[in-house]
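Close look at the chain arrangement
The primary structure of each chain is shown beneath.
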Amino acid sequence: AKEWREQHDVTITNSPQNYSPLLSFADLSAHLPPHLISESTLTTLTRAGYKTPTPIQSQTVPITLSGHDVLLTAATGSGKTLSYL
């Protein structure tokens, strides 16, 4: 995770745990019940042009799914809004 964060210029502060980044949308199935991330949802993401999560999505999704709040800053167009959906 450390190498991935360095490569994508992602910094985490004040986190009690080391959350591994989400490297693909398919990896969501490890974090969510099947009724929340169906195969059709993954297909829809692919058809919409989303191949992999952006760096901000990769790191914030595992943290928020664990029930923690996230305060983040990132450039416009980096995928912040989609990480909340």
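Residues numbered from 1 in each chain as written. Predicted model: local features only at pLDDT ≥ 70, side-chain atom pairs only at ≥ 80, totals over all residues. Heavy atoms only, no water.

The next point concerns the overall build of the protein. In terms of helices and strands, the protein carries 4 helices and 0 strands. Its C-alpha atoms give the protein a radius of gyration of 13 Å, near enough to 12 Å, the size a compact globule of 85 residues would have. Over its C-alpha atoms, taken along the principal directions, the protein stretches across nearly 35 × 25 × 20 Å. By residue count, 28% of the 85 residues in the protein fall in the buried class. For the protein, contacts bridging at least 24 residues in sequence account for 56% of all contacts bridging at least 6. About 6100 Å² of surface is accessible on the protein, with carbon and sulfur atoms providing 53% of the total. Taking the average place of the 5 positive charges on the side chains of the protein and the average place of its 6 negative ones, the gap between the two points comes to 6 Å. (Helix = DSSP H or I, 4+ residues; strand = E, 2+ residues; numbered from the N terminus. Rg over C-alpha atoms; globule rule 2.2 N^0.38 Å. Buried < 20%, exposed > 50% of the residue type's maximum accessible area, 1.4 Å probe, protein only. Contact = heavy atoms within 4.5 Å. Areas by Shrake-Rupley, 256 points an atom, 1.4 Å probe, with all protein chains shown as cover. Lys, Arg positive; Asp, Glu negative; His and termini not counted. Charge placed at Lys NZ, Arg CZ, Asp CG, Glu CD.)

Time to look at the nonpolar core. Listed in full, the 7 residues of the largest apolar core are Leu 22, Phe 25, Leu 28, Ile 37, Leu 42, Leu 45 and Val 61. Beyond its immediate chain neighbours, meaning those up to four positions away, Leu 28 contacts Leu 22, Ile 37, Val 61 and Leu 65. (Core = buried A, V, L, I, M, F, W, Y, C linked by side-chain atoms within 4.5 Å.)

A few words now on the packing of aromatic side chains. Each aromatic ring pair is summarised here by two numbers: the centre-to-centre distance and the angle between the ring planes. Per the counting criterion, the structure on display carries 1 aromatic pair. An angle of 80 degrees between the planes, with centres 6.5 Å apart, marks the rings of Phe 25 and Tyr 50 as edge-to-face. One end of the pair, Phe 25, is in the loop between helix H1 (2-7) and helix H2 (39-47); the other, Tyr 50, is in the loop between H2 and helix H3 (55-65), and 25 residues separate them in sequence. Taking relative accessible area as the criterion, Tyr 50 reaches 37% and is therefore assigned partly exposed. (Phe/Tyr/Trp six-rings, centres within 6.5 Å; stacked < 30°, edge-to-face > 60°.)

The residue Ser 58 is located in helix H3 in this model. Once you skip the residues sitting within four places of it in the chain, Ser 58 turns out to touch Trp 4, Ser 20, Pro 21, Leu 22 and Pro 53.

For the rest of this paragraph, the subject is H3. Counting buried residues in H3 gives 8 out of 11 residues, a clear majority hidden from the surface. When H3 is considered as a whole, its buried residues turn out to be Ile 56, Gln 57, Ser 58, Gln 59, Thr 60, Val 61, Pro 62 and Ile 63. Following H3 by one or two positions, Gly 67 adopts a phi angle in the positive range, close to 95 degrees.

This part takes up the confidence of the model for the protein. In this model, the protein carries a mean pLDDT of 82, and residues with pLDDT of at least 70 account for 93%. Of all secondary-structure elements in the protein, the lowest mean pLDDT belongs to helix H4 (residues 80-84), at 65, while H1 reaches the highest, 88. (pLDDT = per-residue confidence, 0-100.)

Below, the discussion takes up unusual backbone geometry. The phi dihedral of Asp 9 is positive, around 55 degrees, even though this residue is not glycine. Position of Asp 9 relative to the elements: it lies in the loop between H1 and H2. We classify Asp 9 as exposed; its relative accessible area is 70%.

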